[in-house]
Amino acid sequence: MADRATINVVILGLSFMFIFTAFNTAGMIEETVIQSVQEEGKFDGGSGYISLAIIYTVFAMANWGAPSVVSVCGPRNSMVIGAVMYCLFIAVFIYPMVWALYVGSVLLGLGASILWTGEGSYLTLNSTPETIGRNSGLFWALQTSSFLFGNVFVWQEFTGKEIIDPKTRIQVYVSLLVVSCVGTLMLFTLRNKKPGDSASLNVNSENDVETKEGPLQAFKRSIQLFKTREMLLLGICFAYTGLELNFYSGVYGTCIGNTKAFGDEAKSLIGISGAFLGAGEIIGGAAFGLSGKLANRHGRDPIILLGFLVHTTAYYLIYINLPQSSPITEIVTDASYYPVLIQSNKYVAVLCGFLLGLGDACYNTQVYSILGSLFSEDSAASAFALFFFTQSLTAAAGFFYSTYLILQWQLLIVAVFCVAGTLAFFEVEWKTSRPSKEGYTQIN
């Protein structure tokens with residue numbers, strides 16, 4: 001029978017699956033829905049791209065204060081507060097107003113920082129050095145299954161529709177709101193581990209952390225942690241996860257939808273590719289979770305190397321398969337504008353979606369794992385906050401430049417950071433796996 005800690009990780013993953021089935025779906029169709037509302041002569045001045053930029057910018061800045069909130073409220077209560085913000089943002093689209101969209105974007109950015117920092121801290125509390133890899137993979141597989149469900153939902157609801165009418169919009173967003181609320185309520189079922197369970201990476205109980213460290217101390221700890229050599233090196237890898245997040249969640253679908261060679265299937269291929277991306281995330285998370293003992297024996301480097309090979313392969317295939325002007329929606333995608341190197345193939349496009357998801361699972365599960373084991377005890381919340389700060393900041397930058405740069409330059413940026421981030425991760429992993437020789441220890 002599974003112990004309390006494992007049950008907690010499963011419930012945590014299922015809660016995030018519901019919350020992000022709603023949010024990922026809402027975010028993916030946000031610009032399309034806004035354009036449809038504007039076709040009705042309403043919502044003048046609203047923009048889905050500006051909304052996303054606000055979300056990730058606020059998310060990045062708020063991560064500096066998130067450890068203080070987690071320190072005061074505890075991981076579970078912090079996640080509940082953050083999840084409520086997600087529900088409010090989704091509710092905005094039932095009867096959309098410009099001011100509510102941007103206020104909701106700010107609130108979501110604040111809530112996201114609290115939610116994810118609390119999640120990292122709670123995962124650490126319920127893990128040991130032997131189970132952190134398994135738990136990270138298990139959580140990631142459950143959470144990212146939201147991509148699969150959300151994209152299938154969009155494909156079913158929007159097939160054959162160029163304009164999203166008010167009835168369809170309300171029906172979709174009410175359904176998403178209910179799903180998000182279910183995930184939020186599930187967070188209340190999370191419990192502390194029983195005293196008989198194996199010791200966690202955090203030697204203090206949740207209540208101990210709350211009473212031992214105040215918000216000011218948590219903020220100072222984040223500043224000190226940011227200056228360490230390990231965190232500076234890992235920051236390069238964090239930055240890459242943000243850029244590839246922007247690419248697969250915001251750019252790649254646009255590229256597919258703007259490729260004329262796909263004909264009438266172009267728009268529906270966005271949902272199919274997204275579903276395969278979700279399949280890659282699920283398979284990767286599940287595989288790395290089940291191979292936790294193998295990762296403990298051979299280290300995290302082989303999984304990161306797999307992610308590097310998978311992503312670089314995907315970038316090359318995307319480069320030769322899709323038109324270079326396809327990310328720029330203002331320009332008509334035509335053979336006369338930056339022609340493709342091969343005849344665009346829809347099966348290659350879907351395959352690349354799967355590879356992007358699988359590679360993303362490689363990097364994120366191992367980032368979770370190394371943060372949970374290296375930055376244990378009181379510093380866990382600060383470490384995860386710095387991860388999400390760097391990731392969301394580069395994602396926001398990516399959403400900004402993605403409307404101006406053609407595909408080859410965007411691929412060059414993510415490829416350069418892929419190489420640099422992978423090498424930086426190898427450096428930290430190699431040194432931290434030899435503490436007796438290099439003098440590295442867990443950072444408290």
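The shown structure was predicted, so the numbers you read here are calculated from the model rather than taken from an experiment. (Residues numbered from 1 in each chain as written. Predicted model: local features only at pLDDT ≥ 70, side-chain atom pairs only at ≥ 80, totals over all residues. Heavy atoms only, no water.)

Caption draft 1: Representation of the overall build of the chain in the model. Each helix and strand counted, the chain has 17 helices and 0 strands in total. At a minimum sequence separation of 6, the contacts of the chain that also span at least 24 residues come to 85%. Per element, the accessible surface of the chain, about 18000 Å² overall, is 66% carbon and sulfur. (Helix = DSSP H or I, 4+ residues; strand = E, 2+ residues; numbered from the N terminus. Contact = heavy atoms within 4.5 Å. Areas by Shrake-Rupley, 256 points an atom, 1.4 Å probe, with all protein chains shown as cover.)

Caption draft 2: Structural detail: the side chain of E281. Mapped onto the elements of the fold, E281 is located in helix α11 (residues 266-290). A polar contact of 3.5 Å, which involves the side chain of E281, links it to the backbone nitrogen of A361. Residues in contact with E281, not counting those within four places in the same chain, are W140, A141, T144, F147, Y248, G357, L358, D360 and A361. (Polar contact = N/O pair within 3.5 Å; in protein donor to acceptor, adjacent residues only side chain to side chain.)

Caption draft 3: Region of interest: the nonpolar core. Residues W116, Y173, F247 and L371 are the most contacted members of the largest nonpolar core, which totals 105 residues. In contact with F247, not counting residues within four places along its chain, are Y252, Y315, I318, L356, L407, L411 and V414. (Core = buried A, V, L, I, M, F, W, Y, C linked by side-chain atoms within 4.5 Å. Buried < 20%, exposed > 50% of the residue type's maximum accessible area, 1.4 Å probe, protein only.)

Caption draft 4: Spotlight on the environment of E119. By the secondary structure assignment, E119 is in helix α5 (residues 98-125). Separated by 41 residues in sequence, E119 and S78 place their C-alpha atoms 8.7 Å apart. Separated by 3.2 Å, the side chains of E119 and Y368 make a polar contact.

Caption draft 5: Here's a closer look at the state of the cysteines. Summed over all chains, the structure comprises 0 disulfides. As a non-bridged cysteine, C237 has C418 as the owner of its nearest cysteine sulfur, 8.9 Å distant. On the basis of relative accessibility, which here comes to 0%, the residue C237 falls in the buried class. (Disulfide = S-S within 2.5 Å.)

Caption draft 6: Highlighting helix α3 (residues 66-73). Burial in α3 covers these residues: A66, P67, S68, V70 and S71. Phi turns positive one or two residues past the end of α3, at G74, with a value near 90 degrees.

Caption draft 7: The packing of aromatic side chains, seen in detail. Under the criterion given, the structure shown has 27 aromatic pairs. Here F16 and W116 contribute two aromatic rings whose centre-to-centre distance is 5.1 Å and whose plane-to-plane angle is 70 degrees, an arrangement assigned as edge-to-face. You can see F16 sitting in helix α1 (residues 4-39) and its partner W116 sitting in helix α5, a full 100 residues away along the chain. Taken as a pair, F16 and W116 share a single burial class, namely buried. (Phe/Tyr/Trp six-rings, centres within 6.5 Å; stacked < 30°, edge-to-face > 60°.)

Caption draft 8: Spatial organisation of the confidence of the model for the chain. Per-residue confidence for the chain gives a mean pLDDT of 81; residues scoring 70 or more make up 81%. pLDDT under 50 marks residues 203-212. Its contacts with residues more than four places away, or in other chains, come to 20 contacts. In this model residues 436-441 is a low-confidence stretch, pLDDT under 50, and it forms 9 contacts with partners more than four residues away in sequence or in other chains. (pLDDT = per-residue confidence, 0-100.)

Caption draft 9: Structural context of the packing of α3 against helix α4 (residues 75-91). Viewed as axis vectors pointing N to C, α3 and α4 meet at an angle of 120 degrees, and their least axial separation amounts to 7 Å. The angle between α3 and α4 places the two elements in the oblique class. The handedness of the crossing between α3 and α4 comes out as right-handed. Here V69, V70 and C73 of α3 come into contact with α4, specifically with P75, N77, S78 and I81. Residue composition of the contact of α3 with α4, grouped by class: 5 nonpolar, 2 polar and no charged. (Axes fitted to C-alpha atoms, helices over the stretch in contact; angles between N-to-C directions. Parallel < 35°, antiparallel > 145°, perpendicular 65-115°, else oblique. Left-handed = near helix turned anticlockwise from the far one by under 90°. Nonpolar A, V, L, I, M, F, W, Y, C, P; charged D, E, K, R; others polar.)

Caption draft 10: A look at the pattern of salt bridges. What the rule picks out here adds up to 2 salt bridges. In this structure, the salt-bridge partner of E427 is R229, at a minimum N-O distance of 3.4 Å. Of this pair, E427 sits in helix α16 (residues 407-432) while R229 is found in helix α10 (residues 229-257), placing the two residues 198 residues apart along the sequence. Residue R229 is classed as partly exposed on the basis of its relative accessible area, which comes to 43%. Of the charged contacts in the structure, one is a salt bridge between R300 and E429, with a shortest N-O distance of 2.8 Å. Taken together, the residues R300 in the loop between α12 (292-298) and α13 (301-321) and E429 in helix α16 connect sequence positions 129 residues apart. Overall, the relative accessible area of 7% leaves E429 in the buried class. (Salt bridge = Lys/Arg side-chain N within 4 Å of Asp/Glu carboxyl O.)

Caption draft 11: Geometry of the packing of α10 against helix α14 (residues 346-374). Two elements in contact, α10 and α14, have axes separated by 11 Å at closest approach and are oriented at 155 degrees. In terms of their interaxial angle, α10 and α14 are classed as roughly antiparallel. Regarding α10 and α14, the two cross each other, and that crossing is left-handed. Mapping the contact onto sequence places E230, M231, L234, C237, F238, Y240, T241, E244, F247, Y248, Y252 and I256 in α10 and V348, A349, C352, G353, L356, D360, Y363, N364, V367, I370, L371 and L374 in α14. Split into classes, the residues belonging to the contact of α10 with α14 amount to 18 nonpolar, 3 polar and 3 charged.

Caption draft 12: Seen up close, a nonpolar patch on the surface. Taken together, the side chains of I236, W409, L412, V416 and F417 make up a nonpolar region of the molecular surface, amounting to roughly 440 Å² of accessible area. A total of 4 residues in the nonpolar patch trace back to one element, the largest contributor, which is α16. Relative to the helices and strands, L412 resides in helix α16. Since its relative accessible area comes to 44%, L412 is described here as partly exposed. (Patch = residues over 30% accessible without salt bridge, like charges linked within 9 Å, V, L, I, M, F, W, Y side chains within 5 Å.)

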